[in-house]
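Report on the structure
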Amino acid sequence: DAGITQSPRYKITETGRQVTLMCHQTWSHSYMFWYRQDLGHGLRLIYYSAAADITDKGEVPDGYVVSRSKTENFPLTLESATRSQTSVYFCASSRGQGQPQHFGDGTRLSIL
Amino acid sequence: GQQVMQIPQYQHVQEGEDFTTYCNSSTTLSNIQWYKQRPGGHPVFLIQLVKSGEVKKQKRLTFQFGEAKKNSSLHITATQTTDVGTYFCAVLRTGANNLFFGTGTRLTVIP
């Protein structure tokens, strides 16, 4: 769906660098989510947001920071990237709590 | 700890054979959702089940929610190569705020 876009699609960086992954949705969904997907672990929730200026930790929040100043944007920042953060990152949104989620195309992040 | 168990982890079938994946939870669920992720793609929502014993169909796909609302299954009749991908269940435990995704079942269909 074109309603939720992630950028960049691919990113290679070095350990210790700061990286920001962008997520933008046009549906005015209240909820937004960041997941990481690794082989054998499925999708693990990093952070989520119920509305602008409201964010909360998910299952694996360590090493990540989020903000949500506007409803449509939910950037994810790795303040000091580590190799263990090499993964595919998906942003998603939903109308409400527990409702079906719509995913972006993902960002494939490699940290060398 | 493990919140939801999805089995099998992998399944290879001949085209035309049936396929079933199961999702099991130790706790009662408010609802369960199923998603499909094609290779290289992103998860796409398929269906949501809410009621005890609920059965829903989408063409060759049949989704079932257990009577105790602790398990669910997805059955595909007469698989096609377009069914290839990973199928995830996502559960909302009673009283929880967020969905928890299973580890998925990767389906390969051999032509």
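Further up the page is the structure itself.
Residues numbered from 1 in each chain as written. Chains lettered and ligands numbered in written order. Predicted model: local features only at pLDDT ≥ 70, side-chain atom pairs only at ≥ 80, totals over all residues. Heavy atoms only, no water.

A look at the sheet that holds strand 3 (residues 19–25) of chain A
Residues and elements named next belong to chain A. Spatially, 1-3-8-7 is the arrangement adopted by the four strands of the open sheet, whose pairing is antiparallel. Of all the strands in the sheet, the pair left with one neighbour each is strand 1 (4–7) and strand 7 (64–66). Along the sheet, successive strands turn relative to each other by an average axial angle of 15°, direction set aside. With three bridges joining them, strand 3 and strand 8 (residues 76–78) adopt antiparallel strand pairing. (Pairing = 2+ DSSP bridges. Helix = DSSP H or I, 4+ residues; strand = E, 2+ residues; numbered from the N terminus. Axes fitted to C-alpha atoms, helices over the stretch in contact; angles between N-to-C directions.)

Points about unusual backbone geometry
Here the residue pair Ser7(A) and Pro8(A) is connected by a cis peptide bond, since its omega of -5° sits within 30 degrees of zero. With respect to the helices and strands, Pro8(A) occurs in the loop between strand 1 and strand 2 (10–13). Cis geometry is found at the peptide bond from Ile7(B) to Pro8(B), where omega equals -5°. Examined against the element boundaries, Pro8(B) turns out to sit in the loop between strand 1 (4–7) and strand 2 (10–14). The phi angle at Lys69(B) is positive, at roughly 55°, despite the residue not being glycine. Secondary-structure assignment places Lys69(B) in the loop between strand 7 (61–65) and strand 8 (71–76). With phi around 50°, Ala78(B) is a residue other than glycine that occupies positive phi space. Inspection of the secondary structure assignment puts Ala78(B) in the loop between strand 8 and strand 9 (85–93).

As for the state of the cysteines
Residues and elements named next belong to chain B. Applying the stated rule across the entire model yields two disulfides over all chains. With a sulfur-sulfur separation of 2.0 Å, Cys23 is cross-linked through a disulfide to Cys89. One quick way to see it: the torsion about the S-S bond of Cys23 and Cys89 is about 65°, and its sign makes the bridge right-handed. Highlighted residues: Cys23 in strand 3 (residues 19–25) and Cys89 in strand 9, separated in sequence by 66 residues. Look at Cys89 and you get buried, because its relative accessible area is 0%. (Disulfide = S-S within 2.5 Å. Buried < 20%, exposed > 50% of the residue type's maximum accessible area, 1.4 Å probe, protein only.)

Here we look at the interface of chain B and chain A
Taken together, the contact between chain B and chain A spans 20 residues of the former and 21 residues of the latter. Both faces combined, the contact of chain B with chain A buries some 1600 Å², and carbon together with sulfur accounts for 53% of it. The three residues of chain B that bury the most area against chain A are His42(B), Asn98(B) and Phe101(B), which together make up 32% of that side's buried surface. Across the chain B-chain A interface, the total number found is zero salt bridges. By residue number, the principal contributor to the side of chain B that touches chain A is strand 4 (residues 29–37) of chain B, which donates four residues. The residue inventory of the side of chain B that touches chain A, partitioned by class, reads nine nonpolar, ten polar and one charged. (Contact = heavy atoms within 4.5 Å. Buried area = accessible area lost by both parts, 1.4 Å probe. Salt bridge = Lys/Arg side-chain N within 4 Å of Asp/Glu carboxyl O. Nonpolar A, V, L, I, M, F, W, Y, C, P; charged D, E, K, R; others polar.)

Considering the packing of aromatic side chains
One pass over the structure, following the stated rule, counts twelve aromatic pairs over all chains. Relative to Phe101(B), the ring of Phe103(A) has its centre 6.0 Å away and its plane inclined at 80°; by these criteria the two rings are edge-to-face. In this pair, Phe103(A) is assigned in strand 10 (residues 102–103) and Phe101(B) in strand 10 (residues 100–101), connecting two distinct chains. In this structure Phe103(A) comes out as buried when scored by relative accessible area, which is 3%. (Phe/Tyr/Trp six-rings, centres within 6.5 Å; stacked < 30°, edge-to-face > 60°.)

Some remarks on the pattern of salt bridges
Residues and elements named next belong to chain A. A full pass over the atoms with the stated rule returns five salt bridges over all chains. Here Glu14 makes a salt bridge to Arg17, at a shortest N to O gap of 3.5 Å. For Glu14, a relative accessible area of 46% corresponds to the partly exposed category. A salt bridge links Asp38 to Arg36, with the shortest nitrogen-to-oxygen separation between them at 2.8 Å. Take Asp38: its relative accessible area is 15%, and that puts it in the buried class. Through salt bridges with shared partners, one network takes in Arg36, Asp38 and Arg44.

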